[in-house]
Structures are given as C-alpha cells and as structure tokens.
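Chain by chain, the residues run as shown.
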Amino acid sequence: MNYTTFNKSRLAVSIALLMGAAGQPVLAQEAGETAEPEVEVIEVQGIRGSLLRAMDLKRSTPGVMDAISAEEMGKFPDSNLAESLMRIPGVTVSRNNGEGSQITVRGFGPEFNLITLNGRQMPGTGFTRSYSLENLSAEGVKTLEVFKTSTVANPSGGLGATVNIVTTKPLSQPGQRFSLMAKARHDESVEQGDKVTPEIAGVYSNTFNDDKFGVAFSFNHYQRDFQRQQANIQGWQANVDLPDLDDTKAIDPRAIDENGDRIGNHFFPKDMNYGIDDVENERTNAQLTLQYAPTDDVKVTLDYTATNAVVGVESIGWGIWNEFGGNINAYELDENGTAIYADIGGNDGSFTASRGTTEVDARSIGLNVEWQVYEDLKLNIDYHDSNNEIDNGADKGMGSNGQIILGSDQLISKIYDYRTGEIPHAYINWRNGTNELMPSEIDSNFSQFIHSPGESTIEQLQVDGEWFNSKFDIPMAVVKFGLARTEQTMGGHSAWSGLRGGPGFNPSFTEIFPDSMFVRHDTSGLLDAFAGGGSALMPNYYYTYDFDEAVARQMAYLTEEVMGSDVYVPDAYFDGIDSESYVEEVTNSFYIQTEWDFEVKDYPVELIAGLRYEETDVTSTVRQRVEKQVNWVSASEWIMQYEEGGTDNFLTQFGKHDVLLPAIDLRVELTDELMARFSWGKSMARAPLGNLAGGRALSGSPKPGSRTGGQGNPNLLPFESTNLDIALDYYYDEGSYASIVYFKKDVDNFIQTTITETTIDGLFDIYNGPRYQQAIADIEARGEQATSTAIFEQMLANGHGNADGQIEPNSSDPLIVWNISQPTNTDSKSVDGFEVAVQHLFGESGFGVGVNATFVQGDVEFDVESLTQQAPLTGLGDSANFQGFYEKDGLSVKVTYAWRDDYLLGVGQSQGSSDAPPQFFKDFGIWDMSVNYDINESLTMFLDVLNITNETEQGYGRYQEQFLFARQYGTRYALGVRYTFN
C-alpha cells in the first residue's frame, strides 16, 4: 500500500469535504486568507488495488462488464494486454509466436470483437478487422474495459464483446508521476539470436498552471529472439482413388456394406514437413497525450499513438509432397478412414530455406473536446485519423519474402507413419539405397518471392451528448445521444515472382551446389517435448544451407541463356503486380439512450434503454489478371500463364446495408451485497474486410487436387445477434465477490464460405486428358508404376513438350474443374452458456485467489462426419482461468493458469479437398508466474516466468489422427527493475 500526498484544488477539496474524505479542516490564517489544505489520500496499489478498482467498475456498470486495472502507474498485471484479458470470464486468447495476440469472447473469435482505444475504433492489423493486442504495450494503459452486453453508445462491431483500452490521462491524476522499467528477457528456445534481449519502458505524467495543462508520455521498446520448432501438414484429401491391393498392403478396419464396399470416407495427407524458424521480434510503442482545461467547463485532449513492430524470420524446412493417382503402394487406415500409414511413389523430397521480414507501422492522432455547455448539457466531440500498414517485404536486401527449395526426385517411395508418438514420421526410400539423400545429390527445384503490402485506415468523427434531467419530476435521470461518421479503407497489392529457376529437376543442376554448402544435423533436440520427437523422429536428419549463397549460385548458373523464360531472378515483380484490391466502408450512425433510476418495492432499480441506427456503403475495387492457360512445367509443378500486353482490368462493385440495434439494461440491488442484472439487445459484426473484395482470383500454382480460387462478395450482410444476459453478483466482502451469468446469442446472417466446382472457358486440363491417359498406358504396358514423374517424362518422350521442356494444354483436353470459394450469408445460429467467477481476498493475510470458467454450446459446431460445406462458429469452446497471489510487506507472488478446451480454429485447409475440412486447436493450458519485491518505496525488482511447464501447441483436422501442426517454443524468463515516483 503506497501513500501519495499532494495539494488539491479548491474544487477538489470541496468535493472531498462533502464526501467526508478530507484529512483536515480549513484553518483561517489571516483576515481574508485561507490556507490550501494538504490532504493525504490513501491509494491502494499492487495486485489488491488492481482487483478492487476492477471490481468497483464491474459493480457500478449496469450491463455485464468486466475490467482489469493497472496495479500502479506503468505496471499492468501482465506485460501483454491479451494475456491480461484472458483473466476475464468468457475471454480466451489466441497466440502468435507463443504470445497472446487476439481474443475470443464467449466462443466468438477475433473478427467478432471490437477493440477501441479510448472509445475509438482502430484499424485492424493486416487484411482483417482484428486489432493485434501484442502490438500495443501495457505500460501506458490504465484500464481494460470489456463490455459483453449491448451498449448503443459504443461503436458497433463487438458482437462478442467490445474491449476499450483506456490510457493514462494527466488531468485525471494531477501532479508529477513517472515510472521507469528495464527488463532482461531470455527464451529457452533461442539458438541463432541473442540469448538475452532488452525491454525498456517509461511513463511520465505531469500537470501545470494550476492543473489546467497536463502532459503524459509513455514509451516501450521490446526485443525478443526465439526459435519456433514445428511439424505441419497443409491439408487432408478426402476419398482419393485407392488402388486394388492385397490385404498385406491395405489395412482398412472400416465396415463393409452389403455390396462389399467400405462404409464411410477415407483421408490421406497432402504432404508432411518439418521446420525450424529463428525469429527476431522488435517493437516500439509511444504515446503522447496533451490536455488543456482553460475553464472548468472545457477540456481539450490531443493524443498521438505510434507503433512500429518488425519481425524477421529465417527458416529451414524439409519434407515430402504427395499426389494421388496410381502411386499408392500400401496404406493403413484407422476406424475413421484416416491414413495412419502410407507408402506413396513419385514426386520429390525437399529442403527449404526461407527468409522474410514483416513490419507493422501504426499511427493514430486524435482530438477530443469535452464541453459542459450549461449545467444540464455536456457535449463530447472526438475526431481521429488512424492507419495501420503491414509490409512483408521489409527485408532491405530482398524487398520481399523469399523461399528456396532444393531437393531431388530420385526416389522410390515416401513413407508417412503416424502409428506411434505425437509427431508423424515421414521418410524417403531414395534410389541410392538408403533413407538419406547425399549432399552431392541435392538439386535445384525452384525459388519464389512474394511481396504483399497492405494498409488499413480509419477516419472517424463522433459527437456525443449528455442531458441531465433537473427540470422534470420523472425518474429519467440522463439522456445520451450521439452521431458519428466512420470511413474505413483496406487495400493492398500482391506480387509473385512465379517459380524461378525451373521448376523441377529436369534438367539436373546438382553441379551448382558444392557438398560443403550443406551442413548435416541430426534431430536430437527437435520437437523433443513431444513423444516421438527428438532423435526418435524419422527422418532423423536435415540439412541447412545459406540462403544468400543459394540465391547467388542459382543467379550465376540459371541465366536466361540456360533457362529462357524460367531465368532465375529473385524479384517478386518479375512480371509486375499480380493482384490488387481495395475495400472502402462509409458508416453513418446515430443513437439515443435514456437512463432511469427508481425503486420497486424498496429495491433500487437502474434502467438503461437505447437505440442505435447505422447505414453502411461498401465499395470494392479489384484488379484482375486475365488467365491464359495452365502449363505442366515439371513433374510436381503446374503454373498459370497470363495474357500479356496490359490486359489487366479493375472491377468496381458496390454494396449497402443498414442495421437497427436496440438495447435494454436493468440492474436491481436486491441487498447491499446482492445485485441482479438483466440485459437484452442486438449487436452486430461486419463481414471480414477481405470477404467484401469482389472479383475472382485463381491459384497461380494449380496442382492436381489444388485447383482453387476465390471470389469476394461486397453485398455480404453483417452478422446480427439478439442477445440475452441474466446475471447475479454477490459482493460479500472488500475485494471479494461471486458471479454467475447466463448468456444466449441468436445470430442471423452467418457467413459460410461456399466452394463451387466451376469450369472456365479456355482453361484446359492436361491432367487426365488424352495425352495424359496415353502416357499412363505406355508406362503400365512396360509393367512400371505410373507416378506423376513417370507420366511427365513419358509425355515429353511422346513429343508433347515445348521448347522449354514444358507441356502446354490443347483443345482436346477437358476443361479444368476449379474449386471456387465465395462467402455468402446463410441461416441463423444460436449460442448459449454460463460464466461463473469467484474472487476472494483472505482478509489482511495478503493471500487472494480468483477463479472463473465459461461453459458454452450451440448449434454452430462443425460436423466432422459430413463432407458438406458448413458454416460453424470458430473459437467455440469451454475455458477456465485461475489466479492465486500473495502480497504483503513488499513481496508479491502471483501464479496464473489459463486453460482452453479444443476449439475450431478455422474452416478450410490450404491443401485440403473441396469439402472445406476443419482445423481444430487441441486443448491447451499454460502456467505463468510473477514475483515482485519492493526494495524501497520507489524501487521494485521482479521476475516473470512464462510457460513454466513448456506447453506445446497442436492442431488437427476432422479427427485427432488427422495431424495438422505441432509447435514448440520453450519457457520464457524476464528479470527486471521498476522505479516509480508518485
């Protein structure tokens, strides 16, 4: 508990005297003079103070609302805002690189929740509406407010919840205050970067000129180096053609129907790969706030917020790629039809080096004027202009994100095996008679370079008013009203080099790379937190090589004279901009809200009723390239060719919608300790910005089984939810309460991504065409297996290649069948559940505990047994949080645990089949700990330990046997000091 002494203004002293909080009476010194009293104000800080302030906010708010308050200036309960939010009932966190990033509330994912900064809607990071909370430091934040029920005075967009980030304001806490923090951070996982990285932060606030002018400034600079180890499958293919094999080579436990056919579906993995990412993360935040109150009736606030985050990644990966036809040699399925073992011929094995740097640059400037027009009327005028740029070409040497793939097609077969352990094994039977490719056999496949920068902006003007009823003898206390105009844009372009330097292994260029270029590693220490990882993994080796050397060697050898149009040029803009899209939304809104205070049978009642109306115009502008044909350029690569000569065109489409959002909040004080709440209203969330971009785009690398495309829909209606909340809170002691909430959401206009099989005139398919079938017949006539490699080589031998050794389609081939995905509005869905929470402080012992859990269900779950396309709710799942602490005599220790059950991460897999298979995130629980010790009243040392037990992340498809990903990060430590002056 800290004590702060300062001189208060006459107005503040008068208020304090009326409340009985002033420390001493005013004494006359001389005739006509009075002394300014010195008042001692007790400010409870630390964990206890944070919980008390948050509970008071929760108790005083009519609807269902939770909050997290700073423990003291410059010290938020967690170093990451998202990780603080997961302490709130109903809130779960999705992680990016092992850190909290975006939130899910009551089963509704990031796109359904609105993040505001001091009441202002903020632009999303990347091509989304979702604001990434890890890009804003916690030091300058005073409070996080989570509104779970409809509030017409808040900007719309928070169907799940609206989270308002309240930053430090100097005039709200007069006087000079500052806090400085320095931290040394260590990740157990780090290999290539610095073992210890710094973080420094500071907050300064002061007032001048009799507290009429104030300034507050906060900054944070953060660095983190770490390694991410992972294994991945890009997607699962349903019901691929199965060969007729004898029982020793085909194990299938599925039941058989009366016709002798297997009952149910079967699934095979499209690939299997492993990777190591060395990541350098650097972030700088700053916020400047200036306030001026020339009179007691006017207060002007000008603030500027800036964020710069740079993430550099260098990766090495290795794995296999599968195509399905006549190349499955053996397999074993489980009872769900999932392949847990497969022996597949053809294609290739590869070793991939990738490098890229992504920079996020966000800026926001705002002006706010609070004006007490007269005693009963208050106006608030707020304007802000905010933008958020993302650039994945921040690598100064390359200007893009680059990937180099080396490997070989000199194999007999590839083995996928997930019969033991938590990580599937995938190894290759090479033609050299071993399971290991020699450095001298490593060949050039292809490289690709991508640059896709984008920007989101919001310009918003809001005018809000409050009229206080002092003239009419009715229980209506306040009328609030407001109007706003919000202009939001999102746009960007994409450039792709194509597959440079080939692709493929014909002709061979093994002489480009000396053996000394490749460094062999064994897999000990790789994914060793998983059963079956580490040295037990197959393959039990991998190669690394220098990215720049691989680029330089291929540039020197694979010239235009040698490669023709496939010349090796590491330029994303080799053939210009590939796609470009922009979406603009203009929303005009108006609301009115009334607040009533009255009693019913001696029970104090507070009623808030309001209505909000919004109208939105959408404009979509998309640049479209004209597709010409798809060439088969190597055994495993198919490349789209485009018309030349400036035939690109811009397509502009329009959409429009409006919504009416009523809301009612009722709060009844049953006793001094017991409070009941009832809330009903409508909320909404607009369609993802990327879905609103019209036009059509087809895959630039349409391999068989991956002939995909996308098309937007600017006429998508927003999600509209009718919400019901019933809550009972019991505030039984200081800082202690218990709460239970029942909630129900009926959501209209659910958006489903529908995949339609479509043919496009002029785009013919070599695959399974007459020449393709003839090649198969020629191969099988020799008694050989018709793998994709054998078919490609046979078609070349049959004279179907062009001068560059590529196979072009002709009119005798069938049309390509494309799986085109497009979002459409569909039926209604319903979600309901319970939130329970208990917070208890054990008197003056210093001990305290907080526990909460959320149980949620609905008709929005994904049916894994069905191959029909579905519109489930991503993020739906139960969750629980625990916090225990001790705080006394300058020592505070806090231990937290956050658990989240299995949940749907998304629908559709990058290499999945057209049934749009799911991605599930496996249940996850993480322990963190924080220890703080006050050396004196101003100086504190602290130790934070995150992910104490080295928890890992795992994902799967329809069933847990359909492995999708496994990630390992390690435990993180931070040792630091904090100096605070109040």
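For every chain, the first residue of the written sequence is number 1, and numbering continues from 1 along that sequence. At least 70 in pLDDT is required for a residue's local features to be given in this predicted model, at least 80 for side-chain atom pairs to be given and counted, and no such filter applies to totals for whole chains, interfaces and linings, which use all residues. Computation of side-chain values: all heavy atoms of the structure, hydrogens and water removed.

Visitor: I'd like to hear about the overall build of the protein chain, residue by residue, with values.
Guide: Think of it this way: any DSSP run of H or I at least four residues long counts as a helix, any run of E at least two long counts as a strand, and we number them from the N terminus. When helices and strands are counted, the protein chain shows eight helices and 52 strands. We take the radius of gyration over the C-alpha atoms and set the globule estimate at 2.2 Å times the residue count to the 0.38 power. The globule rule puts the C-alpha radius of gyration for 982 residues at 30 Å, and the 31 Å found for the protein chain is close to it. Projected onto the principal axes, the alpha-carbon positions of the protein chain cover approximately 115 × 60 × 55 Å. For the protein chain, the proportion of its 982 residues judged to be buried stands at 55%. For accessible areas, the Shrake-Rupley method is used with a probe of radius 1.4 Å. Any residue's cover is judged against the shown protein chains and nothing else. Split by element, the accessible area of the protein chain, about 39700 Å² in all, is 52% carbon and sulfur. On the protein chain, the mean spot of the 67 positive side-chain charges and the mean spot of the 143 negative ones are 3 Å from each other. For each residue, the accessible area found with a 1.4 Å probe, counting protein chains only, is set against the maximum for its type, and the residue is called buried under 20%, exposed over 50%, and partly exposed in between. Think of it this way: Lys and Arg go in the positive column, Asp and Glu in the negative one, and His and the chain ends go nowhere. For the purpose of locating charges, the reference atoms are NZ of Lys, CZ of Arg, CG of Asp and CD of Glu.

Visitor: Please set out the pattern of salt bridges residue by residue, giving values where relevant.
Guide: Salt bridges are defined by distance alone: a side-chain nitrogen of Lys or Arg within 4 Å of a carboxyl oxygen of Asp or Glu. Applying the stated criterion across every chain yields a total of 40 salt bridges. Put simply, Asp 548 and Arg 355 hold a salt bridge, and the shortest N to O gap is 2.9 Å. With Asp 548 in helix H4 (residues 547-557) and Arg 355 in strand E20 (residues 349-374), the pair connects residues that are 193 residues apart, well separated along the chain. The partner of Lys 703 in a salt bridge is Glu 637, and the shortest N-O contact between them spans 3.3 Å. Here the residue Lys 703 occupies a position in the loop between strand E36 (696-698) and strand E37 (708-711), and Glu 637 occupies one in strand E33 (residues 637-642), the gap between them amounting to 66 residues. Accessibility expressed as a relative area gives 12% for Lys 703, which makes it buried.

Visitor: Mind laying out the sheet that holds strand E6 (residues 114-117), listing which residues take part and the relevant values?
Guide: A strand pair is defined by DSSP finding two or more bridges across the two strands. Pairing is mixed across the open sheet formed by five strands, whose spatial order is E3-E8-E9-E6-E7. Since the sheet does not close on itself, it has two edges, and those belong to strand E3 (65-69) and strand E7 (120-121), each with one partner. Pairing of E3 with strand E8 (residues 141-147), which is carried by five bridges, proceeds in the antiparallel orientation. Each bridged residue has a counterpart across the sheet, and for Asp 66 the counterpart in E8 is Val 146. In the packing of helix H2 (residues 46-60) onto the sheet, contacts are made with E3 and E8, and the angle to E3 comes to roughly 155°. Any pair of residues with heavy atoms lying within 4.5 Å of one another is described as a contacting pair. Throughout, an axis means a line fitted to C-alpha atoms (over the contacting stretch in the case of helices), and angles, computed between N-to-C directions, take values from 0 to 180 degrees.

Visitor: Describe the pairing of E6, and please don't skip the residues or the numbers.
Guide: In E6, alternate side chains face the same way, and those of Leu 114 and Thr 116 on one face and Ile 115 and Leu 117 on the other are all buried. With four bridges connecting them, E6 and strand E9 (residues 162-167) associate as parallel partners. Across the sheet, residue Leu 114 finds its bridge partner in E9, namely Thr 162. Direction of pairing for E6 relative to E7: antiparallel, over a ladder of two bridges. The partner of Thr 116 across the bridge, within E7, is Gln 121. Between the antiparallel neighbours E6 and E7 lie two residues, among them Asn 118 with a positive phi of about 55°.

Visitor: Tell me about the environment of Leu 975, and name the residues and values.
Guide: Locating Leu 975 in the fold gives a position in strand E52 (residues 972-981). C-alpha separation for the pair Leu 975 and Ala 572, spaced 403 residues apart in sequence, amounts to 42 Å. Sequence-distant contacts of Leu 975, that is, excluding residues within four places in its chain, are made with Ala 182, Lys 183, Ala 184, Phe 942 and Leu 943.

Visitor: Give me the sheet that holds strand E23 (residues 411-417): which residues, what numbers.
Guide: Taken in spatial order, the five strands make up an open sheet running E14-E18-E19-E23-E24, and their pairing is mixed. The sheet terminates laterally at strand E14 (250-251) and strand E24 (425-430), the two strands that pair on one side only. Note that E23 and E24 share six bridges and pair antiparallel. Note that in E24 the partner of Lys 414 across the bridge is Ile 428.

Visitor: With reference to specific residues and values, describe the packing of aromatic side chains.
Guide: Paired rings are identified among Phe, Tyr and Trp, the last through its six-membered ring, by centres lying within 6.5 Å, and are further divided according to the angle between planes into stacked (under 30 degrees), edge-to-face (over 60) and tilted (the rest). Taken as a whole and assessed by the stated rule, the structure comprises 37 aromatic pairs. Taking the centre distance of 6.0 Å and the plane angle of 25° together, the rings of Tyr 274 and Trp 318 count as stacked. Here Tyr 274 is found in strand E16 (residues 271-295), whereas its partner Trp 318 is found in strand E17 (residues 298-321), with 44 residues between them in sequence. Taken individually, Tyr 274 and Trp 318 each receive the classification buried, so the pair is uniform in this respect. The rings of Phe 351, Phe 513, Phe 518, Tyr 541, Tyr 543 and Tyr 545 are connected pair by pair, giving a single aromatic cluster. When the ring centre of Tyr 903 is taken as origin, the NZ or CZ atom of Arg 900, which lies over that ring, is 3.5 Å away. The rule for a charge over a ring is simple: NZ of Lys or CZ of Arg within 6 Å of the ring centre, and within 35 degrees of the ring normal.

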